[in-house]
Amino acid sequence: MRDHLRLVRRGWWILLLAAACGAGGALLVTGQMPVRYAAAVSLMVDQKGSADPLSQQRVKSYARLATSRRVLKEVAAAELVDPATLDVRSEVVPGTVLLRAIVTDADPLRAARVANRIGGELSGLIHTLEKRSVIGVTVVDRATPPLRPVSPRPPLNVAAGILLALVFGYGLLMLRSRLDTTIADSDDLAAVTGTPTLGVIGRGRPLLATGPRAEAYRALRTNLRFVGVDGRPRSLLVTSCGTGEGKSTLAVNLALAVAQTGRRVALVDADLRRPSLARYLELTAPMGLTDVLVGSARLPEALLRWRDVDVLPSGRVPADPGELMGSPVMLRVLSDLTADHDLVIVDAPPILPVTDAVVLATACDGVLLVGRAGRTRRESLAQAVGQLTRVRARLVGGVLTFARLRPRSPYPENRMTFQ
């Protein structure tokens with residue numbers, strides 16, 4: 001049941017569109033349907049002078065005579081119409097000796113005339129067939145011209161159209177859910193990673209978050225404070241399955257959100273293959289992490305101050321980044337940064353293309369795995385979690401980026417400011 005509700009919540013707009021199309025289609029079809037009226041005449045069959053009741057089977061046989069060719073031929077001749085055009089049906093009132101002949105026609109007056117003629121012809125035919133018996137047929141309720149048509153019925157047609165459209169729309173949702181293997185919401189992310197979703201970041205391209213996106217980073221900052229039994233992690237690796245999923249933007253904004261509380265934060269660009277932080281932050285970096293790892297620079301010399309955050313750029317691209325990530329020098333750099341800062345955030349390369357992040361994950365207190373809504377596939381996410389599990393890295397949680405957020409709260413926002 002919960003899965004069905006999630007499916008409806010994700011595709012409510014498809015169901016709404018389907019319902020509107022179903023209602024419109026039903027109204028269009030209804031407008032093309034001919035208007036029909038129904039008039040009925042009721043007759044009672046009895047045995048005069050006999051105490052034995054008529055059998056229901058015998059009454060049914062009399063009812064069938066109302067639609068016989070003999071009766072319809074006589075009625076059609078009197079009305080000057082083709083017998084094949086007459087729409088007549090008969091029925092027996094259950095538990096009684098009453099039978100009804102119901103005539104449907106485009107003209108309400110003609111429907112009543114034809115019904116009454118059928119009553120007369122049926123009475124005469126039964127009297128002729130049963131002339132030696134005591135069977136009598138009496139018209140107890142003559143047909144009157146109907147005031148309202150029986151067809152079409154717009155409310156019923158619209159309801160049926162909407163129902164059929166909703167069934168079709170839900171079928172489309174299920175088909176789309178089976179074919180679409182990307183994560184759609186925080187529940188999907190948590191189900192695949194096996195860890196709680198610590199943050200949900202809305203759509204947006206700007207590097208520095210404002211408004212609701214800034215509030216989402218503050219919520220992520222708060223959630224990280226309650227990760228683990230022995231307190232929050234001192235070094236946090238931020239990575240993703242592939243490129244373009246928003247991990248670098250998340251690392252920058254999370255660093256700013258934590259620094260806003262007065263804690264000392266270091267941001268490390270550990271993507272030595274495709275470095276981006278120095279370019280994003282518009283920093284002039286003559287040296288960086290690579291220089292520290294190869295021994296051509298000291299760590300304090302490579303750190304740059306940017307808006308209350310100590311940033312360690314990647315530096316020049318080395319020949320073998322994977323070798324440097326797993327070196328003892330890298331472990332010492334992280335240890336030194338952790339000793340001087342309350343939190344070290346490491347922006348690592350994606351997990352699936354290269355192994356750098358997996359190697360580096362073992363040196364950090366925790367790993368934050370980023371997944372992009374509508375883009376990151378479940379199988380890719382599961383593969384990334386598997387690689388982290390094999391090296392016994394501590395996956396503290398996931399963050400969903402580029403998500404569709406709910407409408408804003410009516411309460412005023414406490415906007416994040418940068419100085």
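The present account deals with the structure reproduced in this document. (Residues numbered from 1 in each chain as written. Predicted model: local features only at pLDDT ≥ 70, side-chain atom pairs only at ≥ 80, totals over all residues. Heavy atoms only, no water.)

1. Remarks on the side chain of T249
Item 1. Within the secondary structure, T249 sits in helix α9 (residues 247-259).
Item 2. With relative accessibility at 18%, the residue T249 sits in the buried group.
Item 3. When sequence neighbours within four positions are dropped, the list of residues in contact with T249 reads P206, L207, R213 and Y217. (Helix = DSSP H or I, 4+ residues; strand = E, 2+ residues; numbered from the N terminus. Buried < 20%, exposed > 50% of the residue type's maximum accessible area, 1.4 Å probe, protein only. Contact = heavy atoms within 4.5 Å.)

2. Some remarks on unusual backbone geometry
Item 1. Cis geometry marks the peptide bond from S151 to P152, where omega comes out at -5°.
Item 2. Residues other than glycine seldom take positive phi values, yet L80 does so here, at roughly 60°.
Item 3. Here L80 shows up in the loop between α4 (69-79) and β2 (87-92).

3. A short note on the layout of surface pockets
Item 1. If you add up the space inside the second largest pocket, you get close to 590 Å³.
Item 2. Considering the residues around the second largest pocket, the lining is formed by 29 residues, among which G244, E245, G246, S248 and Y280 are closest to the centre.
Item 3. It is α9 that contributes the most residues to the lining of the second largest pocket, three residues altogether.
Item 4. The class makeup of the residues in the lining of the second largest pocket is 10 nonpolar, 10 polar and nine charged. (1 Å grid on protein atoms, 1.4 Å probe; cavity = no way out; pocket = protein on both sides within 12 Å on 5 of 7 lines; lining within 4 Å. Points joined across faces, edges and corners; volume = space filled by probe spheres on them. Nonpolar A, V, L, I, M, F, W, Y, C, P; charged D, E, K, R; others polar.)

4. Some details on the packing of aromatic side chains
The geometry of two aromatic rings is summed up by the distance between their centres and the angle between their planes.
Item 1. All chains considered together, the criterion is met by zero aromatic pairs.
Item 2. Sitting over the ring of F402, R372 keeps its end group 3.7 Å from the ring centre. (Phe/Tyr/Trp six-rings, centres within 6.5 Å; stacked < 30°, edge-to-face > 60°. Lys NZ or Arg CZ within 6 Å of the ring centre and 35° of its normal.)

5. Structural notes on the pairing of strand β1 (residues 37-47)
Item 1. With eight bridges connecting them, β1 and strand β3 (residues 98-105) associate as antiparallel partners. Across the sheet, the residue bridging to A40 is I102, located in β3.
Item 2. Summarising the sheet, β1 and strand β4 (residues 135-141) pair through six bridges and their orientation is antiparallel. Paired with V45 across the strands is V137, a residue of β4. (Pairing = 2+ DSSP bridges.)

6. Some words on α4
Item 1. Listed as buried for α4 are V71, L72, V75, A76 and E79. Relative to the axis of α4, the buried residues are bounded by an arc of 125° and lie together on one face. Turned more than 90 degrees off the buried face of α4, the exposed positions are R69, R70, K73 and A77.
Item 2. Packed against the buried residues of α4 are α3 (56-65), β2 and α5 (108-129).
Item 3. Count one or two residues on from α4 and you reach L80, which has phi positive near 60°. (Arc of directions from axis to C-beta.)

7. Thoughts on the nonpolar core
Item 1. In this structure, L289 and V346 are the most contacted members of the largest nonpolar core, which totals 40 residues.
Item 2. Apart from residues lying up to four places away in sequence, V346 is in contact with L236, L237, V238, V268, A270, L334, L360 and C364. (Core = buried A, V, L, I, M, F, W, Y, C linked by side-chain atoms within 4.5 Å.)

8. Points about the environment of Q383
Item 1. Inspection of the secondary structure puts Q383 in helix α16 (residues 378-390).
Item 2. A relative accessible area of 45% places Q383 in the partly exposed class.
Item 3. Placed 142 residues apart in sequence, Q383 and C241 show a C-alpha to C-alpha distance of 8.4 Å.

9. A look at a nonpolar patch on the surface
Item 1. Where nonpolar side chains cluster on the molecular surface, the patch consists of F168, L172, L175 and L179 and spans about 440 Å² of accessible area.
Item 2. Following the sequence through the fold, L175 ends up in helix α6 (residues 154-179).
Item 3. For L175, a relative accessible area of 47% corresponds to the partly exposed category. (Patch = residues over 30% accessible without salt bridge, like charges linked within 9 Å, V, L, I, M, F, W, Y side chains within 5 Å. Areas by Shrake-Rupley, 256 points an atom, 1.4 Å probe, with all protein chains shown as cover. Salt bridge = Lys/Arg side-chain N within 4 Å of Asp/Glu carboxyl O.)

10. Focus on the side chain of T290
Item 1. On the secondary structure map, T290 appears in helix α11 (residues 289-294).
Item 2. Excluding residues that lie within four positions of it along the chain, T290 makes contacts with L272, S314, G315, R316, P318 and L324.

11. A look at the packing of helix α7 (residues 186-193) against α16
Item 1. Their axes nearest at 9 Å, the elements α7 and α16 cross at an angle of 40°. Classified by the interaxial angle, the pair formed by α7 and α16 is oblique. α16 is crossed by α7, and the crossing has right-handed handedness. Two secondary-structure elements touch here, α7 through D188, L189, V192 and T193 and α16 through R378, L381, A382 and V385.
Item 2. Residues belonging to the contact of α7 with α16 are distributed by class as follows: five nonpolar, one polar and two charged. (Axes fitted to C-alpha atoms, helices over the stretch in contact; angles between N-to-C directions. Parallel < 35°, antiparallel > 145°, perpendicular 65-115°, else oblique. Left-handed = near helix turned anticlockwise from the far one by under 90°.)

12. Thoughts on the packing of helix α8 (residues 212-224) against α9
Item 1. The contact between α8 and α9 brings their axes to 9 Å, and the two run at 70°. With respect to α9, the element α8 is oriented roughly perpendicular. Facing R213, Y217, L220, R221 and L224 of α8, the residues of α9 in contact are T249, L250, N253, L254, A257 and V258.
Item 2. The class makeup of the residues in the contact of α8 with α9 is seven nonpolar, two polar and two charged.

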